Every structure is written in structure tokens, then in C-alpha cells.
Amino acid sequence: MLRAMTAPVAHVLVVEDEAAIAETVLYALRSEGYAASHCLLGGEALLRLQAGGIDVVVLDVGLPDLGGFEVCRRLRALPGPAAQLPVIFLTARNDEVDRVLGLELGADDYMTKPFSPRELVARVRARLRRAAPAVAAPDAEAGWKEHGAFAIDREGRRIRFRGQALDLTRYEYALLESLLQRPGAILSRAQLMDRGWDSSADSADRTVDTHVKTLRAKLRAAGASDDPIRTHRGLGYALEV
């Protein structure tokens, strides 16, 4: 009898030095069908991530060797697909400064202790869904639509500026895609969050401002002499193409 083929099981790495929290998270993940493994230290986690086979990282900020922020920074500097892994921070602190720093380092989500294991699993599921690779079009140039100096392939989730591909995080892509839908129109922070963010925990004005800042830096690196993202104080942002 032929067995039906099943999709590969996603593997979540939990980096947490508090045993009770780690066990709770691992149990919640495995109960939902995910493979889950555990590291106590940041250095150990980096070695595990370099070996491959991980799809999402749940990363505690307060680790005893390397702090979670430093682990994330080093992860983003790794060569290959490991640098693009979704990262969800766990922290006992709820300061906005810490939250913004984590996002600037390339984190995808942020949960403050104590938290609901079910909510954490839901966020892992959301990150996996967003990180799923798009099916490539038969023609590599198919699907591109030009907007002045920009070109966007929405199906492939790719954006170019003056012919150069932009290496964007998922939130940078969502923000720029939203602005490209209505070039010249002013979109408020709330509108941008509604279109690009998928959880209330991400919905802070400073979060949008942080991603605008990193996006502007990438556009300058791609050759933008004038800033195409205009700030309209008290209103929001607009894109000049």
C-alpha cells in the first residue's frame, strides 16, 4: 500500500536557560506537531544554527554567556540561509528601547515573560507561513511591474531599485510594497501596520519608524541620492517613484 506523502516537519530551536520555561515551550511546540530542540547557551545555539536544519529560532534575551541580542547579530552575519531565519525574542523586560533594538537587529517578533505558550506557538506558525518560499515563475522576469525607479514582483516577493535587487526583511518588504501600491499617497503608520504586520504586539508607531530607517539605509546603499520615502509629520509616509 502506498503511503501519502507528508510535508516536512518544521524544526524550532528554543534557546532558553530557564529549564521550566524551556520545557513548557518545547511541550507546546511538540504538541502541535513541530520538531523542537533546546540550547542553554547562545554559543551553543550559533553552532547548532550553522549546522542547518532549523526553521525558526525562539531566543531568550538574557542568556548567561552571549546575550540574545548578540546571538541575533551574529546569526544575521552568517553566510547562507541561516542569516534569514525567523527569530522570536523572549524577554523579561518590556522596555521600548529593547524592543526597537531587537527589531533593528533583524528580529521578527518579541514576547514578554510571562507569556502564553499557545500564543507563542501561533506566532511560530505565522513566521513559518511568512517565511515559506514563493513558487518561482517559469520566466524569471515574469510578474515584474515597474514604478519609476522601482520594480516589484509581488508573487515572488521581490523589489528592485534602479535594477538592483533589494535584500529586504519581510517587514521592510511589506512596508515598501504598501507604499508602492499607491505611489505619492500618504499612508499613516496605522495603515502601514494594518497592511504589513500580523500581530498586535508589533503595532507600535516606533516599529514602523524603525523599519523605515533601515529601508532608507538599503535604498541609499542601492544608489538613491534623494530619499524616495517622504516623511509627512503628523500624517505618515509617502513614496516618490
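Up top is the structure these notes are about.
Small disclaimer: the values here were computed from a predicted structure and weren't measured.

A. Geometry of the packing of aromatic side chains. By the definition in use, this model includes three aromatic pairs. Ring geometry for Phe 89 versus Tyr 110: centroids 6.0 Å apart, planes at 65 degrees, classification edge-to-face. Remark: Tyr 110 occurs in strand S5 (residues 109-112) and Phe 89 occurs in strand S4 (residues 87-91); sequence separation between them is 21 residues. Residue classification places Phe 89 among the buried residues on the basis of a relative accessible area of 0%. We classify Tyr 110 as buried; its relative accessible area is 5%. Ring geometry for Phe 150 versus Phe 161: centroids 4.9 Å apart, planes at 55 degrees, classification tilted. Taken together, the residues Phe 150 in strand S7 (residues 150-153) and Phe 161 in strand S8 (residues 158-161) connect sequence positions 11 residues apart. One aromatic cluster is present, formed by Phe 69, Phe 89 and Tyr 110 through successive ring pairs. When the ring centre of Trp 144 is taken as reference, the NZ or CZ atom of Arg 160 above it lies at 3.9 Å.

B. Geometry of the side chain of Lys 113. Relative to the helices and strands, Lys 113 is located in the loop between S5 and helix H5 (117-131). Reaching out from Lys 113, the side chain makes a polar contact with the side chain of Glu 16 at a distance of 3.1 Å. Other than its neighbours up to four places away in sequence, Lys 113 contacts Glu 16, Glu 18, Ile 21, Asp 60, Leu 90, Thr 91 and Ala 92.

Rules used in this analysis
- Residues numbered from 1 in each chain as written.
- Predicted model: local features only at pLDDT ≥ 70, side-chain atom pairs only at ≥ 80, totals over all residues.
- Heavy atoms only, no water.
- Phe/Tyr/Trp six-rings, centres within 6.5 Å; stacked < 30°, edge-to-face > 60°.
- Helix = DSSP H or I, 4+ residues; strand = E, 2+ residues; numbered from the N terminus.
- Buried < 20%, exposed > 50% of the residue type's maximum accessible area, 1.4 Å probe, protein only.
- Lys NZ or Arg CZ within 6 Å of the ring centre and 35° of its normal.
- Polar contact = N/O pair within 3.5 Å; in protein donor to acceptor, adjacent residues only side chain to side chain.
- Contact = heavy atoms within 4.5 Å.

Taken by themselves, the reported measurements are silent on function.
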